[in-house]
Amino acid sequence: ISIKSIMAAYLKCLRYVKDEANPFSIRRWIEDETNLEWLFFSSLEKKHEALKPLITARLDIAISELLSLEGNSERRIWIILDELTSLHKIPTLYKILSKGRKPGACVVIGIQNYAQLGDVYGNNGAKIISSLLNTRLMFRQPDPDMAAWSARNLGETVIDEVREGISYGANTMRDGVSINRQEIKKAVVSPSEMMRLADLHCYVRLAGHY
């Protein structure tokens, strides 16, 4: 009974799959080097829960086939996973992020916040995914913890701060001025700045010396 209930939950998405004479093949679509088209995996909100297993499986097939391609430094195949956490865990996601450069994979991941990623992939899985993403776009985070996480991802800078001290003695001969230099680490962007970002504004961190 347990097996049947689990299978029923994951297989009910197949009712939305059309049985046509000439079915579409994700593998053949990936293998076609002359193909310049886009392939969208989308769903209506009211059917999304039922289609989650099917969309996740399709993405897994596409990623597996992409990883099997021969290395090509000129090839670029973009995989854009918007609202990644709305799907089930994609088994091949770690591989495409760590090994996808050779076949020409470029991966873009969109999430609402880091906590959602931990819910789907676990705490360690979320850290692995985060460590494999270089360019980052950080939009407004109203939650203080998530704003602090975003601010940490934008890094720190070292400021050479000059502090001046003035001392006064009993007479003018004892008056003095002291100047001290001190290196201070400071966040490039503070959590409060992350919380105050305007709509459609974000901070961008690029990989490299920019």
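Residues numbered from 1 in each chain as written. Predicted model: local features only at pLDDT ≥ 70, side-chain atom pairs only at ≥ 80, totals over all residues. Heavy atoms only, no water.

A. Quick look at the overall build of the protein chain. Helix and strand counts for the protein chain come out as 7 helices and 6 strands. The principal-axis extent of the C-alpha atoms belonging to the protein chain is close to 100 × 45 × 30 Å. Classification of the 210 residues of the protein chain by burial places 28% in the buried group. Pairs at least 24 apart in sequence give 68% of the contacts found in the protein chain among residues at least 6 apart. Approximately 15300 Å² of the protein chain is accessible, and the part contributed by carbon and sulfur atoms is 53%. The positive charge centre, built from 28 side chains, and the negative charge centre, built from 25, are 5 Å apart in the protein chain. (Helix = DSSP H or I, 4+ residues; strand = E, 2+ residues; numbered from the N terminus. Buried < 20%, exposed > 50% of the residue type's maximum accessible area, 1.4 Å probe, protein only. Contact = heavy atoms within 4.5 Å. Areas by Shrake-Rupley, 256 points an atom, 1.4 Å probe, with all protein chains shown as cover. Lys, Arg positive; Asp, Glu negative; His and termini not counted. Charge placed at Lys NZ, Arg CZ, Asp CG, Glu CD.)

B. A look at the nonpolar core. Within the largest apolar cluster, 36 residues are counted, with the highest numbers of intra-cluster contacts made by Ile 90, Leu 93, Ile 96 and Met 194. Every element with two or more residues in this core is listed here: α2 (26-31), α3 (48-67), β1 (77-82), α4 (93-99), α5 (114-131) and α6 (144-153). Look past the residues within four positions of Leu 93 in its chain and what remains in contact with it is Leu 81, Leu 84, Ile 109, Tyr 121 and Ile 129. (Core = buried A, V, L, I, M, F, W, Y, C linked by side-chain atoms within 4.5 Å.)

C. Layout of the packing of aromatic side chains. The tally for this structure, following the rule as stated, stands at 3 aromatic pairs. A ring pair is formed by Trp 38 and Phe 40, whose centres lie 6.2 Å apart and whose planes are at 20°; its orientation type is stacked. Classification of Trp 38 by relative accessible area gives exposed; the value is 59%. (Phe/Tyr/Trp six-rings, centres within 6.5 Å; stacked < 30°, edge-to-face > 60°.)

D. Fine view of the confidence of the model for the protein chain. Per-residue confidence for the protein chain gives a mean pLDDT of 87; residues scoring 70 or more make up 97%. Within the protein chain, strand β2 (residues 105-110) carries the highest mean pLDDT (93), whereas strand β5 (residues 176-187) carries the lowest (79). (pLDDT = per-residue confidence, 0-100.)

E. Local environment of α5. Relative to the 26 Å expected for 18 residues at 1.5 Å per residue, α5 spans just 12 Å between its end C-alpha atoms, considerably shorter than the ideal helical length. Of all the bends found along α5, the most pronounced is centred on Tyr 121 and spans about 115°. Turning to α5, its buried residues are Tyr 114, Leu 117, Tyr 121, Gly 125, Ala 126, Ile 129 and Ser 130. The N-terminus of α5 is capped by Asn 113, whose side-chain oxygen sits 3.1 Å from the backbone nitrogen of Ala 115. (Expected span 1.5 Å × (residues − 1). Bend = angle between axes of the 7 residues up to and from the residue. Polar contact = N/O pair within 3.5 Å; in protein donor to acceptor, adjacent residues only side chain to side chain.)

F. Broad picture of the side chain of Thr 92. Assignment of secondary structure puts Thr 92 in the loop between β1 and α4. Reaching out from Thr 92, the side chain makes a polar contact with the side chain of Asp 60 at a distance of 2.7 Å. Apart from the residues within four sequence positions on either side, Thr 92 is in contact with Asp 60, Ile 63 and Ser 64.

G. Representation of the packing of α5 against α6 in the model. Between α5 and α6, the least distance of the axes is 15 Å, while the angle of their chain directions is 25°. Comparing their axes, α6 and α5 come out roughly parallel. The way α5 lies across α6 gives a crossing that is left-handed. Seen from α5, the contacting residues are Tyr 114, Ala 115 and Ser 130; seen from α6, they are Met 146, Trp 149 and Asn 153. (Axes fitted to C-alpha atoms, helices over the stretch in contact; angles between N-to-C directions. Parallel < 35°, antiparallel > 145°, perpendicular 65-115°, else oblique. Left-handed = near helix turned anticlockwise from the far one by under 90°.)

H. Broad picture of the pattern of salt bridges. Here the structure, examined in full by the defined rule, presents 4 salt bridges. A salt bridge links Glu 65 to Arg 27; the shortest N-O distance between them is 3.7 Å. Of this pair, Glu 65 sits in helix α3 while Arg 27 is found in helix α2, placing the two residues 38 residues apart along the sequence. (Salt bridge = Lys/Arg side-chain N within 4 Å of Asp/Glu carboxyl O.)

I. Quick look at the side chain of Gln 141. Within the fold, Gln 141 resides in the loop between β3 (136-138) and α6. Note on Gln 141: relative accessible area 12%, which makes it buried. Excluding residues within four positions of it along the chain, Gln 141 makes contact with Gln 112, Asn 113, Met 146, Ala 147, Ser 150, Met 194 and Met 195.

J. Layout of a nonpolar patch on the surface. Together, Ile 3, Met 7, Leu 11, Leu 14 and Val 17 line one region of the surface with nonpolar side chains, adding up to about 470 Å² of accessible area. Relative to the helices and strands, Leu 14 is located in the loop between α1 (2-11) and α2. Note on Leu 14: relative accessible area 46%, which makes it partly exposed. (Patch = residues over 30% accessible without salt bridge, like charges linked within 9 Å, V, L, I, M, F, W, Y side chains within 5 Å.)

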